[in-house]
Amino acid sequence: MGYLNCKKCGGNYELQEGESPKDFDKCQCGGDLKYVENVDVHLNLLKKFKLSSEKIIRISGILFGASIMLIPYYLYSPAPTSTSFVLINIDSFILWGVGGLTAAFIASGKIINGASNGLYAAIISGLIVIIIYYLLLTNNFNNTSPLDNIALFAVLSLVYMLIPGIFSIIGGLIGISIRKVLNKLI
Ligand SMILES: [Zn+2]
């Protein structure tokens, strides 16, 4: 009887008595089906492993990008009152862009993933700064009203996630474009 194997999602369907491969047009996911006599279990395991290794590479790319995006905070100060505040140095913008570029380049994927991987790197690095600097070091989240704490977090998110995020998204789009061109050349 045999099986129908989906080329897209890798799913297998065992044909029942009286069923013919011709009875089935496409998989539920929309992928094309291929008739196989026996399902190679090892091949399926390999496919699953490949999918998870793609995820691992993506996460590593984002984390690596996020650590590059933290460099400006070592070079300059995260404190807005400082004369070397991170946002008044142009190197910060460049490094945030490079962080997004690196994240997107390593993670690969579609063009839109390049932008989101850049943004994720910004969110992670921004959260690290907010937690380490504003929560642990300067204890700024000690307002009695929870609303004040939320407002503070909103303002901090804007400065430490959204602004760096603009540069890392641009960097991410450049990074994924470079990766796409390289993928085609190699
Ligand atoms: Zn499918």
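Rules behind the numbers
- Along every chain, residues carry numbers that run from 1 in the direction the sequence is written.
- In view of the model being predicted, local features appear only for residues whose pLDDT reaches at least 70, and side-chain atom pairs are presented and counted only at 80 or more, with totals across whole chains, interfaces and linings using the full set of residues.
- Hydrogens are left out, water is left out, and the side-chain values use all remaining heavy atoms of the structure.
- Atoms are scored as donors when they are N, O or S and lie within 2.8 Å of the metal, with 3.2 Å used for Na, K and Ca; no water is included, so coordination may look incomplete.
- Under the classification used here, a metal with four donors is tetrahedral if each angle lies between 85 and 135 degrees, square planar if opposite donors are over 155 degrees apart and the others between 65 and 115, a six-donor metal meeting that same test is octahedral, and anything else is irregular.
- Counting from the N terminus, the helices are DSSP H or I runs at least four residues long and the strands are E runs at least two residues long.
- Classification of residues uses two cut-offs on accessible area relative to the type maximum, computed with a 1.4 Å probe and protein chains only: under 20% is buried, over 50% is exposed, and between them is partly exposed.
- For every domain, the bounds stem from an assignment made automatically or drawn from a database.
- Paired strands, in this sense, are two strands between which DSSP finds at least two bridges.
- Criterion for a salt bridge: a side-chain nitrogen of Lys or Arg within 4 Å of a carboxyl oxygen of Asp or Glu.
- Should any heavy atoms of two residues lie within 4.5 Å, those residues are considered in contact.
- Planes of paired rings set the category: under 30 degrees apart is stacked, over 60 is edge-to-face and the rest tilted, where pairs are Phe, Tyr or Trp rings (Trp by its six-membered ring) whose centres lie within 6.5 Å.
- Lines fitted to C-alpha atoms define the axes, with helix axes restricted to the stretch in contact, and inter-axis angles between N-to-C directions lie between 0 and 180 degrees.

1. Regarding the coordination of the zinc ion
Protein coordination at the zinc ion comes from Cys6 (SG), Cys9 (SG), Cys27 (SG) and Cys29 (SG), with a distance range of 2.2 to 2.4 Å. Classification of the site at the zinc ion rests on its 4 donor atoms, whose angles at the metal span 103 to 117°, yielding the label tetrahedral. In primary sequence terms, the donor set of the zinc ion follows C-x2-C-x17-C-x1-C. Of this pair, Cys6 sits in strand β1 (residues 3–6) while Cys29 is found in the loop between β2 (12–14) and β3 (33–36), placing the two residues 23 residues apart along the sequence. With a relative accessible area of 32%, Cys29 lands in the partly exposed category.

2. Concerning the domain arrangement of the protein
Segmenting the protein into domains produces domain 1 (3–39) and domain 2 (53–185). On a C-alpha basis, the centroid separation for the pair domain 1 and domain 2 is 44 Å.

3. Comments concerning the pairing of β1
Bridge analysis of β1 against β2 gives 3 bridges, and the strand direction is antiparallel. Opposite Tyr3, over in β2, you have Glu14 as the bridge partner. Once β1 ends, the chain turns through 5 residues before running back antiparallel as β2, passing Gly10 with a positive phi of about 80°. When β1 meets β3, the two strands line up antiparallel, connected through 4 bridges. The residue bridging Cys6 from the neighbouring strand is Leu33, located in β3.

4. Re the pattern of salt bridges
Under the criterion given, the structure shown has 1 salt bridge. Between Asp32 and Lys26 there is a salt bridge, and its shortest N-O distance comes to 2.7 Å.

5. Things to note about the environment of Ile176
Residue position: Ile176 is located in helix α4 (residues 146–185). By relative accessible area, which is 0% here, Ile176 ends up buried. Filtering out sequence-adjacent residues up to four positions away, Ile176 remains in contact with Ala104, Ser108, Gly109, Lys110, Ile111 and Gly114.

6. As for the packing of aromatic side chains
Scanning all chains against the criterion turns up 7 aromatic pairs. Taken together, a centroid distance of 6.1 Å and an interplanar angle of 40° make the contact between Tyr73 and Tyr160 tilted. One end of the pair, Tyr73, is in helix α1 (residues 41–75); the other, Tyr160, is in helix α4, and 87 residues separate them in sequence. Tyr160 gets classed as buried once you look at its relative accessible area, which sits at 1%. Ring geometry for Phe93 and Trp96: centres 5.9 Å apart, planes at 55°, overall tilted. With a gap of 3 residues between them, Phe93 and Trp96 both fall in helix α2 (residues 90–107), about one helical turn apart. Overall, the relative accessible area of 0% leaves Trp96 in the buried class. What links up through ring pairs into an aromatic cluster is the set Tyr73, Phe93, Trp96, Tyr133, Tyr134, Tyr160 and Phe167.

7. Let's talk about the sheet that holds β2
Read across the sheet, 3 strands follow the order β2-β1-β3 without closing on themselves; strand pairing throughout is antiparallel. The open sheet is flanked by β2 and β3, the only strands paired with a single partner. In this sheet, neighbouring strand axes are inclined to one another by 25° on average, regardless of whether the strands run parallel or antiparallel.

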